[in-house]
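# Examining the three-dimensional arrangement
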Amino acid sequence: MAEVAFGGGDAFGLGADAAAFGERVRAFLDRELTGAAGYADPADLTGLAEEFERELSRRAGAEGLLGSAVDAAHGGPGRGAAHQAAFDYVAAACDAPLVDTALTLAGHPLLHDANAEQQAYFLPRMLRGEILMCIAYTEPDAGTDLRAITTTAAGDGDGYRLTGVKTLVTGAHKADWCVTIARTPEPDRPGALTMFLVDLAAPGVTVRRRPTMNGWTLDEIEFDDVRLGADAVLGQPGQAWRQLVAAVRSERSGLFYLGFARHVLDLLVTYVRATRRGGQLLADDPLVRDAIAGLEIDVEAGSVLAARAVAAPGSALASMAKVFGTELLQRLAQTATEIAGHAGTVWAPPHSSAPPHGAASPHGAAGGRFAWEYLERVHGTIGAGANEVLRDGIADFGLGLPRQAR
Ligand SMILES: Cc1cc2nc3c(=O)[nH]c(=O)nc-3n(C[C@H](O)[C@H](O)[C@H](O)COP(=O)(O)OP(=O)(O)OC[C@H]3O[C@@H](n4cnc5c(N)ncnc54)[C@H](O)[C@@H]3O)c2cc1C
């Protein structure tokens, strides 16, 4: 089969330059991920050991691939959001650890709200791939409704003392720093929310790993009277809500989900081409062909939608792309396991050999990947804004329907 250029040669409408950049990223990852299987760590979200992820980040930084969206004034390449989206798509399609983790998770507040000293410290390290960051907003009783946050940063001289528990944090166990929010005693608004940069090695910080349903971990962070200087404030005291809304919106890169979808659909196509049931090749089964063709339409349409969302920041398109991409991944996993039958329910216990980078299960379809996908894709519709909440936003913000009273 002829090799199809990335996104039809223009990255689904992001442009030929972004597509060419995506191909550059793919060449880099093809080369650098060759030995990844030797560093499998199924207990990590990326499926790879921290040492491998850090080294890969440094190499990507040295190649100048990181931080496309960081402008020249901040020391970045200033390639723009389209190139960043192409990067995200290709990284996902290659099963790469999210090389740009720091910039993806913490980049927005650092670029838009941080002071000059903070930017001078963090941005160069991020661009060189030398730092891992996490964001810690969610609490046991404050998920969708972050107004219920109870973590406090009490005044202490010219600084603060941070106390509280954050939960469901991605990658805190390996991160160097986190961006978090807490209630501060602002003179005009007691209990207003303020955003902070916290060194996770600081005294009083404890990170606990909590297992997810398919064997990796999300983290809980306990802040026990952690002393923060005034320079830990990110942005303006009491302004975290505004900063937070902007940062969470920027996290929704729909093309990232579509990169995963492309990869899993390719695995499914390979599987049905090579697998026989009752003497018949699965690829010759009309029902299988029908299902796969439908998924191909969805992957292409979803990619174009996600690319359009990149070109229209702040619109409801980003929410649409996130909803579509995450639900498509669930449909894909469901269809793949149905087509594969029993083999589609087998993955690779013990966990040391789990997908995506561990040794393939000899009994599981696609080495156990379809069963793993079935579990892995559940969380996508919950994190980064639950799909129900995003649909609500599409209805009022996107379509102008009356807002629901809550
Ligand atoms: C894989 C993963 C990674 C995550 N990583 C991070 C991270 O790095 N940092 C961080 O701070 N947080 C992180 N989170 C937390 C995530 O932001 C929350 O899970 C999310 O905000 C939902 O909060 P909740 O889980 O408390 O669910 P709840 O808020 O209790 O909601 C549960 C369900 O109720 C429904 N619901 C809630 N409110 C409404 C509404 N207004 N309208 C309609 N339906 C509603 C939705 O179906 C929702 O899924 C992560 C979560 C997951 C699953």
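Residues numbered from 1 in each chain as written. Predicted model: local features only at pLDDT ≥ 70, side-chain atom pairs only at ≥ 80, totals over all residues. Heavy atoms only, no water.

### Brief notes about the UniProt feature "domain: Acyl-CoA oxidase/dehydrogenase middle" (unreviewed entry) in the protein chain
The sites that UniProt annotates as "domain: Acyl-CoA oxidase/dehydrogenase middle" (unreviewed entry) are residues 134–226. As a span, residues 134–226 carries 0% helix and 59% strand, and end to end its C-alpha atoms are 17 Å apart. (UniProt positions renumbered as here; feature names shortened; annotations may be inferred. Helix = DSSP H or I, 4+ residues; strand = E, 2+ residues; numbered from the N terminus.)

### What to know about the site of the ligand
Not every one of the 17 residues close to the ligand is listed here, only the nearest: I135, T138, T144, L168 and T170. At 2.7 Å, a side-chain N or O of T144 approaches an oxygen atom of the ligand. One nitrogen or oxygen atom from the side chain of E388 is found 2.9 Å from an oxygen atom belonging to the ligand. Burial of the ligand by the protein chains amounts to 67% of its free accessible area of 960 Å². Its residues assigned to classes, the shell around the ligand comprises nine nonpolar, six polar and two charged. Residue assignment places the shell around the ligand across two domains, with domain 2 (135–238) and domain 3 (252–398) each supplying three or more. (Near = heavy atom within 4 Å. Polar contact = N/O pair within 3.5 Å; in protein donor to acceptor, adjacent residues only side chain to side chain. Areas by Shrake-Rupley, 256 points an atom, 1.4 Å probe, with all protein chains shown as cover. Nonpolar A, V, L, I, M, F, W, Y, C, P; charged D, E, K, R; others polar. Domains from an automatic or database assignment.)

### Considerations on the pairing of strand β4 (residues 177–185)
Most of β4 is tucked away, with seven of its nine residues classed as buried. In this sheet, strand β5 (residues 190–199) lies alongside β4 in antiparallel orientation, the contact comprising nine bridges. Within β5, the residue paired with V179 across the bridge is L197. (Buried < 20%, exposed > 50% of the residue type's maximum accessible area, 1.4 Å probe, protein only. Pairing = 2+ DSSP bridges.)

### Comments concerning the state of the cysteines
In a disulfide, the sulfur atoms of two cysteines are held together by a covalent bond. Using the criterion set out here, one finds zero disulfides in the structure. The thiol of C178 is not disulfide-bonded; the next cysteine sulfur, from C134, is found 4.7 Å away. (Disulfide = S-S within 2.5 Å.)

### Overview of the domain arrangement of the protein chain
You can read the domains of the protein chain as domain 1 (6–99), domain 2 (135–238) and domain 3 (252–398). For domain 1 and domain 2, the distance between their C-alpha centres works out to 29 Å. Each partner contributes to the interface: domain 1 provides eight residues, whereas domain 2 provides eight residues. Counting each side, the surface lost to burial between domain 1 and domain 2 is near 690 Å², with a carbon and sulfur contribution of 43%. When the buried surface of domain 1 facing domain 2 is broken down by residue, A43, L45 and R54 rank first, second and third, together holding 59% of it. Our count for the domain 1 to domain 2 interface comes out at three salt bridges. Put simply, domain 1 and domain 2 have seven residue pairs in polar contact (both at pLDDT 80 or more) between them. A per-class count over the side of domain 1 that touches domain 2 returns three nonpolar, one polar and four charged. (Contact = heavy atoms within 4.5 Å. Buried area = accessible area lost by both parts, 1.4 Å probe. Salt bridge = Lys/Arg side-chain N within 4 Å of Asp/Glu carboxyl O.)

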